[in-house]
Amino acid sequence: MAEKIPGNLHVANEVLADMVGNAAMECYGVVGMTAPNAADGIAKILPASRLRRGVVVKPTDNGVRVDLYVVVEYGTTIQAVSQNLVDQVTFALTEYAKVPIDAVEVHVQDIKVRM
């Protein structure tokens, strides 16, 4: 489409959370996503159908703030995996959804051996 159509596009936070969850699962070193409120300190890996529960997207004045709750593979460098996550999520949201990013925070909830 070369022709511009006037109007505004609004993307729901749930859609953004799905995009972020899928981008996160493609990152090397990420075993899975966990719920942000892991009861008793035990992080349970969410099935692929519920990835959005491991992502919190909040609108801010400068764009959106994304909090990721992940389980990282044992033996990987947490800093490298976290930076890769930030890069992947930033790329997905800015390129596909055209959403400005305020912040991306990675919360490593657990470390697991990939089976």
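Residues numbered from 1 in each chain as written. Predicted model: local features only at pLDDT ≥ 70, side-chain atom pairs only at ≥ 80, totals over all residues. Heavy atoms only, no water.

Draft legend 1. Geometry of the overall build of the protein chain. Scanning the protein chain from N- to C-terminus turns up two helices and four strands. Buried residues in the protein chain amount to 36% of all 115 residues. Considering only intrachain contacts with a sequence separation of at least 6, the fraction spanning at least 24 residues in the protein chain is 68%. Surface exposure of the protein chain reaches about 7400 Å², of which carbon and sulfur atoms provide 51%. (Helix = DSSP H or I, 4+ residues; strand = E, 2+ residues; numbered from the N terminus. Buried < 20%, exposed > 50% of the residue type's maximum accessible area, 1.4 Å probe, protein only. Contact = heavy atoms within 4.5 Å. Areas by Shrake-Rupley, 256 points an atom, 1.4 Å probe, with all protein chains shown as cover.)

Draft legend 2. Seen up close, the environment of aspartate 110. Structurally, the position occupied by aspartate 110 is in strand 4 (residues 101-112). Owing to a relative accessible area of 23%, aspartate 110 belongs among the partly exposed residues under this scheme. Each C-alpha atom, one on aspartate 110 and one on tyrosine 69, is 9.2 Å from the other, the two residues being 41 residues apart in sequence. Polar side-chain contacts of aspartate 110 include one of 3.2 Å to the side chain of lysine 112. (Polar contact = N/O pair within 3.5 Å; in protein donor to acceptor, adjacent residues only side chain to side chain.)

Draft legend 3. Molecular detail of unusual backbone geometry. The phi torsion at lysine 98 lies on the positive side, around 55°, for a residue other than glycine. Turning to its location among the elements, lysine 98 is positioned in the loop between helix 2 (78-96) and strand 4.

Draft legend 4. Fine view of the side chain of threonine 76. Along the polypeptide, threonine 76 turns up in the loop between strand 3 (63-73) and helix 2. Since its relative accessible area comes to 16%, threonine 76 is described here as buried. There is a polar contact of 2.7 Å between the side chain of threonine 76 and the backbone oxygen of glutamate 73. Dropping the residues within four chain positions of it, threonine 76 is found in contact with Tyr28, Gly29 and Val81.

Draft legend 5. Looking closely at the nonpolar core. In this structure, Val55, Val66, Leu68 and Leu85 are the most contacted members of the largest nonpolar core, which totals 22 residues. Within the residue set of this core, elements represented by two or more residues are helix 1 (13-25), strand 1 (30-33), strand 2 (55-60), strand 3 and helix 2. A total of five residues in this core trace back to one element, the largest contributor, which is strand 3. If we ignore the near neighbours within four places in the chain, the residues touching leucine 85 are Ala24, Cys27, Val30, Leu68, Val70 and Val106. (Core = buried A, V, L, I, M, F, W, Y, C linked by side-chain atoms within 4.5 Å.)

Draft legend 6. Spotlight on the confidence of the model for the protein chain. Of the residues in the protein chain, 90% have a pLDDT of 70 or more, and the chain-wide mean is 87. Within the protein chain, the lowest mean pLDDT, 88, falls on strand 1, and the highest, 95, falls on helix 2. (pLDDT = per-residue confidence, 0-100.)

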